[in-house]
Amino acid sequence: MAAEKQVHRIALIPGDGIGPEVVAEAEGLLRAIAAADGGFCFDFTSFPWGCEYYLREGRMMPEDGIDQLRGFDAILLGAVGFPGVPDHVSLRDLLLRIRHDFDEYVNVRPVRLLRGAPCPLKGVEPGQIDMTFIRENSEGEYAGSGSWLYPDTPREVVIQDGVFSRHGTERIMRYAFELARREHKSLTSISKGNALNYSMVFWDQVFDEISREYPEVETHSYLVDAAAMLMVRDPGRFQVVVASNLFGDILTDLGAAISGGMGLAAGANLNPECEFPSMFEPIHGSAPDIAGKGIANPLATIWSAAQMLEHLGQGEWAARVVDAIERVLQAGDDLTPDLGGSASTSELGERVVRELLDV
Ligand code: NAD
Ligand code: IPM
Ligand code: MN
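Values in this document were obtained by computation on a predicted structure and should not be read as measured data.

**Student:** Please clarify how the pairing of strand E1 (residues 6-15) should be interpreted in this entry.
**Tutor:** For a regular strand, the rule is simple: side chains alternate between the two faces of the sheet. Where burial is concerned, most of E1 is hidden: seven out of the 10 residues are buried. Direction of pairing for E1 relative to strand E2 (residues 40-46): parallel, over a ladder of seven bridges. Residue pairing for E2: arginine 9 is matched across the bridge by aspartate 43. With helix H1 (residues 19-37) bridging E1 and its parallel neighbour E2, the resulting β-α-β unit is right-handed. Pairing of E1 with strand E3 (residues 74-79) involves five bridges; the strand directions are parallel. Counted as the bridge partner of alanine 11 is isoleucine 75 from E3.

What follows is the structure in structure tokens.
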């Protein structure tokens, strides 16, 4: 008797702007992989949540939206946010809500210059940019804590707290140390302890404490401003990097800029304990300037889908997808305009499928 096929239940949240365009390509690739493999399949459910939904329904997702997502094995998200809905509403009530409620406290963002990808840095070769950012994804500057006092008066005061719990800080650093040890890499902590005299002094202290549990891991600590400069001047010195929510956000856009652009930058929001579904999404936004034109680069979402495959236990396929992306970049003839080509989103997406499956 044939073995039962493994079913991966995936929630798709294409979202806004170019989100649906790029998610469609990742979905097509995943379907093609499952068909070629034969040992597993995907059961996709698409949720039409986002800014258009908000304009119709007055909210970004239904009241029980989180419960609807709870039973899935993973979530693949495109992008959220569009002119017409304030960003602090659309992002906090959908994207940040999912990251928070599913305790996806690890944001893994590879910053790797693949062969064939454009790099604005002089004399830098693939291999010289190969970092893994571990961004704290549940608290810090994004905790949503603060107050707005006496609005619209001359005494107006706005306070945005940075929230760094011992639990939250230790667990993200342990995750980063474990990864660095497993991969025999150095670990760099991003700080600003010279100015943020509570949060970042605490961050540095916890980094120092946890580092004693991992004597075999080489460590570095840079102030975030210097780190930004060094990522441009000498990117090779960064391997695994651990950063707070906001610093990790900013530095990974810089990372994208030095490793092929926003169209190539992938990310995974992990709940490592697998108590809740993890969510996979490109790090770019909804790109209103190119939305609807069919020219968005789907490679970041496809790479995020590869991270999802890895999370689902399909690590071999994950590696093959990244290899296929690299070969397509090297071939150079089916690239979207952001990469200097004239191909459409679906032409590039389909090219990756062909490259992967050799058809
Ligand atoms: P953005 O990432 O959407 O766009 C920045 C620039 O990069 C634009 O010029 C855009 O055209 C380009 N770009 C982005 N992705 C691309 C792709 N796949 N292919 C080709 N070019 C691409 O950032 P923004 O303009 O600052 O934000 C637009 C909206 O998206 C805002 O509402 C913002 O809050 C939201 N946003 C959402 C997410 C998310 O959902 N994860 C991330 C970032 C921004
Ligand atoms: C990202 C985005 C989000 C973040 C925004 C849209 C809230 O910029 O995923 O990098 O800051 O986390
Ligand atoms: Mn960002």
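So much for the structure itself; the text now carries on.
**Student:** Help me out: how do you make sense of the pattern of salt bridges in this one?
**Tutor:** Any two side chains of opposite charge can pair, so long as their charged atoms come close to each other. Under the counting rule described, the total for this entry stands at 23 salt bridges. Its salt-bridge partner being arginine 166, residue glutamate 209 comes within 2.9 Å of it at the nearest N-O pair. Taken together, the positions of glutamate 209 in helix H6 (residues 199-211) and arginine 166 in helix H5 (residues 166-182) put the pair 43 residues apart, joining distant regions of the chain. Taking relative accessible area as the criterion, glutamate 209 reaches 25% and is therefore assigned partly exposed. Residues glutamate 183 and lysine 185 are paired through a salt bridge, measuring 3.2 Å at the closest nitrogen-oxygen approach. Judged by its relative accessible area of 36%, glutamate 183 falls in the partly exposed class. Looking at lysine 185, the relative accessible area reads 23%, which means it is partly exposed. When salt bridges that share partners are traced, they join Arg327, Asp333, Asp334, Arg351, Arg354 and Glu355 into one network.

**Student:** Before we go on, may I ask you to explain the site of ligand 2 in this structure?
**Tutor:** Around ligand 2, the neighbouring residues are Leu91, Arg99, Arg109, Arg135, Tyr142, Asp249 and Ile283. Taking arginine 99, its side chain carries an N or O atom lying 2.7 Å from an oxygen atom of ligand 2. Take arginine 109: an N or O atom from its side chain is 2.8 Å from an oxygen atom of ligand 2. Coverage of ligand 2 by the protein chains reaches 77% of its 320 Å² of free accessible surface.

Calculation notes
Residues numbered from 1 in each chain as written. Chains lettered and ligands numbered in written order. Predicted model: local features only at pLDDT ≥ 70, side-chain atom pairs only at ≥ 80, totals over all residues. Heavy atoms only, no water. Buried < 20%, exposed > 50% of the residue type's maximum accessible area, 1.4 Å probe, protein only. Helix = DSSP H or I, 4+ residues; strand = E, 2+ residues; numbered from the N terminus. Pairing = 2+ DSSP bridges. Right-handed = clockwise from strand over helix to strand, strands pointing away. Salt bridge = Lys/Arg side-chain N within 4 Å of Asp/Glu carboxyl O. Near = heavy atom within 4 Å. Polar contact = N/O pair within 3.5 Å; in protein donor to acceptor, adjacent residues only side chain to side chain. Areas by Shrake-Rupley, 256 points an atom, 1.4 Å probe, with all protein chains shown as cover.

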